[in-house]
Amino acid sequence: MWKRIWTLFSARNKEFYRDKSALGWNFLFPFLIIIGFSFIFSEDSQTFYKVGVIQSDNQLVTSVNDEHLNTFLQTKYIEFVPFDSDEKALNILQHHKIDLVINPAEKQYWISDSSPKGYIAEKLLWSGKIESKVEYIKQNIDGWEVPYIEWLFPGILGMNMMFSSLFGVGYVVVRYRKNGVLKRLSVTPTRPFEFLTAQVVSRMFLLLVTTAIVFVGCKTIYGFENRGSYVSLIFICSLGGFSMVALGLLIASRSSSEEFAGGILNLISWPMMFLSEVWFSLEGSEPWVRKLSSFFPLTHLVDCARRIMNNGAGLFDLTYQISALAVMSVLFLTLGSLLFKWQRI
Amino acid sequence: MSTEMAQILEVIDLAKEFPEVKAVDGISFSIKQGSCFGLLGPNGAGKTTTIELIEGIYSPDSGEVLYKGKHRANRFKEEVGIQFQNTELPQFLTVRETLEMFRNLYGRKADLKGLIESCRLQEIYNQDNRKISGGQKQRLLLAMALANDPELLFLDEPTTGLDPQARRYLWDIVQQIKSNNKTVVLTTHYMEEAQILCDTVAIMDHGRIIAMGAPESLLTKYCSGTTIVLTRNIDDSDLHDIPGLLYRKEDKIEIQTDTPNECIKFLLEKGIDMSGMSVRSQNLEDLFLKLTGKDIRE
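Residues numbered from 1 in each chain as written. Chains lettered and ligands numbered in written order. Predicted model: local features only at pLDDT ≥ 70, side-chain atom pairs only at ≥ 80, totals over all residues. Heavy atoms only, no water.

### Structural notes on the packing of helix α3 (residues 95-104) of chain B against helix α5 (residues 134-145) of chain B
Residue and element names in this part refer to chain B. Two elements in contact, α3 and α5, have axes separated by 9 Å at closest approach and are oriented at 25 degrees. Taken together, the axis directions place α3 and α5 in an arrangement best described as roughly parallel. Crossing of α3 over α5 shows right-handed handedness. Contacts from V95, T98, L99 and F102 in α3 reach L140, A143 and M144 in α5. Looking at the contact of α3 with α5, its residues break down into six nonpolar, one polar and no charged. (Axes fitted to C-alpha atoms, helices over the stretch in contact; angles between N-to-C directions. Helix = DSSP H or I, 4+ residues; strand = E, 2+ residues; numbered from the N terminus. Parallel < 35°, antiparallel > 145°, perpendicular 65-115°, else oblique. Left-handed = near helix turned anticlockwise from the far one by under 90°. Contact = heavy atoms within 4.5 Å. Nonpolar A, V, L, I, M, F, W, Y, C, P; charged D, E, K, R; others polar.)

If you want it as structure tokens, here you go:
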């Protein structure tokens with residue numbers, strides 16, 4: 001039995017690392033995402049609002065004889081776009097490509113009533129005029145602030161693991177079934193359990209190796225820190241990866257159509273990617289969204305990885321998430337094994 | 001009973017129905033150890049379903065399959081070798097790795113060197129599976145089927161799609177396997193292949209066996225005569241009284257007769273153009289035509 005598992009494990013590993021395009025993509029994808037997002041969300045390039053400013057010489061004035069406007073023009077995270085005529089600026093505003101247009105010479109501004117961003121931009125324009133009667137003391141969070149990239153990274157890592165697990169197992173097993181490799185194996189003494197174990201172990205091995213390489217690479221480039229224990233992080237990545245590999249096996253348990261399996265995998269992976277707090281927090285979202293999110297293994301993986309890396313949490317702090325991942329793993333693997341068919345049906 | 005005469009496989013009243021088609025309709029036969037048994041018939045006759053019922057790919061609706069006199073147990077998979085009609089090879093592996101992989105899935109193993117030599121894989125031994133030709137792929141699939149030094153070998157249309165040279169190459173290998181006292185079960189729609197390789201043939205049509213026996217005895221029994229083949233571009237309206245059975249095919253007319261001289265005299269009298277005519281002794285294709293009224297390749 002062990003020899004057969006080892007044989008199938010080795011064959012799958014060879015197939016993985018010899019498929020250069022897939023291998024390259026597995027490593028390259030998270031790097032590209034991190035590089036892209038670190039650029040997009042860097043302070044210099046991060047803008048939340050765009051304001052058009054009408055200038056006669058198409059140059060943004062640096063010195064306007066209006067203290068209030070000057071304050072507004074120095075607001076961070078707003079991009080001020082110069083326009084040489086009202087007409088041009090208003091046309092762009094109509095198409096929601098900018099949020100507010102201001103003409104300092106005429107002391108006029110325009111917003112679109114239907115634009116929420118225009119509403120906020122207007123509030124920001126007037127914020128300088130408001131003199132607060134309540135005294136608040138400004139506090140900085142220096143010292144325990146989590147840089148955005150450090151918050152993002154566990155999510156990207158988890159997302160990469162999700163795609164690798166679901167597609168790397170699900171798609172491969174379906175392809176094997178479609179092209180008759182599974183049928184050929186079914187007439188050898190290999191048992192389904194042995195085949196599935198080899199697939200799970202192979203994918204887990206590759207998943208952890210690629211994740212470790214991506215982790216070390218990103219850490220070297222960006223220099224972020226892991227505030228928790230590496231053992232806890234490896235444990236969580238293993239358990240989270242295992243639960244998603246098991247989900248991949250469940251999806252691939254019967255289908256022999258790559259198109260169908262691809263559709264199902266996308267149907268699962270996309271909501272999981274957007275509702276597992278990979279990109280944005282679900283804090284304040286509808287309760288049903290948060291409930292739905294709790295059924296995704298990626299949610300718990302990303303949550304655990306963030307709390308370990310960003311907050312230095314230990315495994316005991318993560319009992320609920322670990323239990324959820326363990327239950328999902330057992331459930332997916334049991335169902336996947338019970339439903340598994342060697343051949344097309 | 002001597003070992004050589006023992007039945008290695010017995011198929012008893014086997015039946016299998018798929019939606020809208022009765023693929024196998026109550027067939028029975030037995031196969032002697034060390035022999036080559038051929039299932040012949042056109043596409044859709046039920047050959048592959050029969051062989052896959054025996055292999056355990058499908059469960060039969062009724063009937064039994066006995067291996068060495070008993071129901072198939074775990075050792076069946078250890079002791080049989082199977083080559084399917086359409087199987088993709090594992091990707092990104094070399095021929096050597098593929099063979100080693102399949103050998104390692106079994107408790108009993110064929111000698112690797114012997115396997116490579118007998119299936120003539122030396123030249124492509126370290127080549128990627130994706131870069132080998134059709135004939136080479138068939139030889140590798142055959143070697144994979146032999147990886148466990150099987151006692152019983154199933155070959156499902158092993159030469160379909162191969163050029164004549166590659167086909168003869170494979171026949172030589174199968175004959176060599178036979179000479180090692182292995183039992184071979186073969187499906188084919190090439191009658192020539194069956195005549196050359198098989199000790200016993202079962203001719204199938206619509207899920208049933210319509211004739212079974214040694215090729216020579218079947219020919220003696222049903223087809224002792226001669227076949228005259230004429231080109232199709234002749235006026236055949238006057239041929240209904242010809243002393244023989246006349247079959248019109250797409251590109252030719254075949255006349256099966258026990259009295260070839262009378263037949264040719266009849267054709268001369270009718271003024272039939274006999275340029276392009278050929279005369280040959282009958283073979284299994286003629287037998288199939290005689291039994292079913294249709295060509296095996298239809």
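Having seen the structure, we can now continue with the description.
### Topic: a nonpolar patch on the surface
Where nonpolar side chains cluster on the molecular surface, the patch consists of A:L331, A:L335, A:L338 and A:L339 and spans about 370 Å² of accessible area. You can see A:L335 is positioned in helix α13 (residues 319-339). (Patch = residues over 30% accessible without salt bridge, like charges linked within 9 Å, V, L, I, M, F, W, Y side chains within 5 Å. Areas by Shrake-Rupley, 256 points an atom, 1.4 Å probe, with all protein chains shown as cover. Salt bridge = Lys/Arg side-chain N within 4 Å of Asp/Glu carboxyl O.)

### Here's the deal with the sheet that holds strand β11 (residues 226-231) of chain B
Consider a sheet: its strands pair through backbone hydrogen bonds, and that pairing is either parallel or antiparallel. All names here are of chain B. With respect to topology, four strands assemble into an open sheet ordered β12-β13-β11-β14, the strand pairing being antiparallel. This sheet does not close on itself; its edge strands, each paired only once, are β12 (245-248) and β14 (278-281). Neighbour to neighbour, the strand axes of the sheet diverge by 20 degrees on average, direction disregarded. As paired strands, β11 and β14 are joined by four bridges and run antiparallel to one another. Each residue of the ladder has a partner; that of I228, found in β14, is V279. On the sheet, helix α9 (residues 260-269) packs against β11, β13 (252-257) and β14 and is oriented at approximately 20 degrees with respect to β11. On the sheet, helix α10 (residues 284-292) packs against β11, β12, β13 and β14 and is oriented at approximately 85 degrees with respect to β13. (Pairing = 2+ DSSP bridges.)

### Observations regarding the domain arrangement of chain A
Segmentation of chain A into domains returns domain 1 (2-39 + 147-339) and domain 2 (49-139). Of note, the centres of domain 1 of chain A and domain 2 of chain A, computed from C-alpha atoms alone, are 45 Å apart. (Domains from an automatic or database assignment.)

### What to know about the interface of chain B and chain A
On the chain A side, the residues contacting the 23 residues of chain B number 22 residues. Interface of chain B and chain A: buried area, both sides summed, is about 2200 Å²; carbon and sulfur atoms make up 62% of it. Of all residues in chain B, the largest losses of buried area upon contact with chain A belong to B:K77, B:F92 and B:L105, amounting jointly to 28% of the total for that side. Where chain B meets chain A, there are three salt bridges. (Buried area = accessible area lost by both parts, 1.4 Å probe.)

### Looking at α13(A)
Here α13(A) is 21 residues long and its end C-alpha atoms lie 30 Å apart, about the 30 Å a rise of 1.5 Å per residue gives. Residues of α13(A) that are buried sit in contact with α9 (230-251) and α12 (297-311) of chain A. (Expected span 1.5 Å × (residues − 1).)

### Digging into the packing of helix α8 (residues 192-222) of chain A against α9(A)
All names here are of chain A. As a packed pair, α8 and α9 sit with axes 10 Å apart at the nearest point and diverge in direction by 135 degrees. Viewed along their axes, α8 and α9 adopt a mutual orientation that is oblique. Of the two elements, α8 crosses α9, and the hand of that crossing is right-handed. Counted together, L196, V200, R203, M204, L207, L208, F215 and K219 of α8 and Y230, L233, C237, S238, G241, F242, V245 and L249 of α9 form the full contact between these two elements. Taken together, the residues that form the contact of α8 with α9 break down as 12 nonpolar, two polar and two charged.

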